[in-house]
Amino acid sequence: MLADKAKMTRFAVCRSPVLSCKRQDIAVLGRTSTQSVGDHPRVIKRRSVSVFLVSAVSPACVKLWMHWADITVEESLWELMGVRLKGFLPASVLPLLLITFFYLGPLVQSALDNPDGFSGELHSALDVQSWRMCVQDAAWLRSQVVAPVTEELVFRGAMLPMLVPCTGATAVIFIAPLFFGVAHLHHIIEELHLGKDNVRAIFLGAGIQFLYTTVFGVFAAFIFLRTGHIVGPVLCHSFCNSQGLPDIGSALSRPQRSAVLICYLTGVLLFLVVLFPFTDPFLYGARPVCSLAASQALEC
């Protein structure tokens, strides 16, 4: 009888954060949609304000869950959610360098498509005027700032601390991203409503997006647990939004396909080789979220 009661208590503790975060997920993703129906600057600005307000509720959700589940930590709520100073510099640079390695192939491919080559790509990246134009573009701000900050705060900063006591540090890396992937499927409804494509193409695109966002979610969850910082997932999220899904089909159809494919392979190998060294917990200090795990896993 006592065992059954303990199981029911555990189920309630784990069910509550999932439902509360899921409601936030739908609200956040619904407002950061990138469909053309919401591409007017005025609409983007209104939705951005709305989504910031919704994501601002996530710390309160975590706080209420900790009180209800009788969970205490030595660190502050913000530190538990990955907003902290210790180890901030490596947490900002190394995960971003990791994802850059992974995208080595697409980056080289982009440089080859630039008439000015690698120097042209570098000049574009460092051009102050280009950055000024970007920060004045509502659509760019939505994709590169608003979506990464709000979605990572909810999906990583809020959801992971609440799920770790239930699933453990290892399982949560693969479980939590499923919510992230499913939350992006609202685009199906919007595209069906707009009638932009046939039903088969819409569902195929949604399936690819679900896979892509879920895989990224696994990476972001891993980075969050290994570093204890939210800044790494935010920057990587922004970078991936700027790059999109690697276009391997285009790489195979170009004259320099052998060189480009070698860059793809080299990037992936570099990513795998430095994944654990670059996320070594020694670089980041104590990670509050790991104190919630029932047992210490490799990620913690």
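Small disclaimer: the values here were computed from a predicted structure and weren't measured.

(A) Region of the structure containing the overall build of the chain. Counting its regular elements, the chain contains 15 helices and zero strands. Relative to its 300 residues, the chain shows a buried fraction of 46%. Sequence separation of at least 24 residues holds for 79% of the intrachain contacts in the chain that already meet a minimum separation of 6.

(B) Seen up close, helix H3 (residues 58–69). The end-to-end C-alpha separation of H3 is 16 Å, in line with the 16 Å expected for twelve residues at 1.5 Å each. When H3 is considered as a whole, its buried residues turn out to be Ser58, Pro59, Cys61, Val62, Trp65, Met66 and Ala69. Buried residues of H3 fall within an arc of 160° about the axis and therefore sit on the same side. In H3, the exposed positions that point more than 90 degrees away from the buried face belong to Lys63, Leu64, His67 and Trp68. Positive backbone phi, approximately 60°, marks Asp70, located one or two places after H3.

(C) Geometry of the packing of aromatic side chains. One pass over the full model with this rule turns up ten aromatic pairs. Taken together, a centroid distance of 6.4 Å and an interplanar angle of 40° make the contact between Phe101 and Phe278 tilted. Within this pair, whereas Phe101 is found in helix H5 (residues 88–102), its partner Phe278 is found in helix H15 (residues 257–278), the two being separated by 177 residues in sequence. Members of the aromatic cluster, each reached through a chain of ring pairs, are Phe102, Tyr103, Phe155, Phe180, Phe216, Phe219, Phe239 and Phe271. Stacked on the ring of Phe180, the Lys or Arg Arg156 has its end atom at 4.5 Å from the ring centre.

(D) Summary view of the side chain of Arg84. Along the chain, the position of Arg84 falls in the loop between helix H4 (77–80) and H5. At 6.3 Å, Glu79 is the nearest oppositely charged side chain to Arg84, a buried residue that forms no salt bridge. At 2.9 Å, the side chain of Arg84 forms a polar contact with the backbone oxygen of Gly228. Sequence-distant contacts of Arg84, that is, excluding residues within four places in its chain, are made with Glu79, Thr227, Gly228, His229, Tyr284, Gly285, Ala286, Arg287 and Pro288.

The rules behind the values
- Residues numbered from 1 in each chain as written.
- Predicted model: local features only at pLDDT ≥ 70, side-chain atom pairs only at ≥ 80, totals over all residues.
- Heavy atoms only, no water.
- Helix = DSSP H or I, 4+ residues; strand = E, 2+ residues; numbered from the N terminus.
- Buried < 20%, exposed > 50% of the residue type's maximum accessible area, 1.4 Å probe, protein only.
- Contact = heavy atoms within 4.5 Å.
- Expected span 1.5 Å × (residues − 1).
- Arc of directions from axis to C-beta.
- Phe/Tyr/Trp six-rings, centres within 6.5 Å; stacked < 30°, edge-to-face > 60°.
- Lys NZ or Arg CZ within 6 Å of the ring centre and 35° of its normal.
- Lys, Arg positive; Asp, Glu negative; His and termini not counted.
- Salt bridge = Lys/Arg side-chain N within 4 Å of Asp/Glu carboxyl O.
- Polar contact = N/O pair within 3.5 Å; in protein donor to acceptor, adjacent residues only side chain to side chain.

Any functional reading would require information that these geometric values do not contain.
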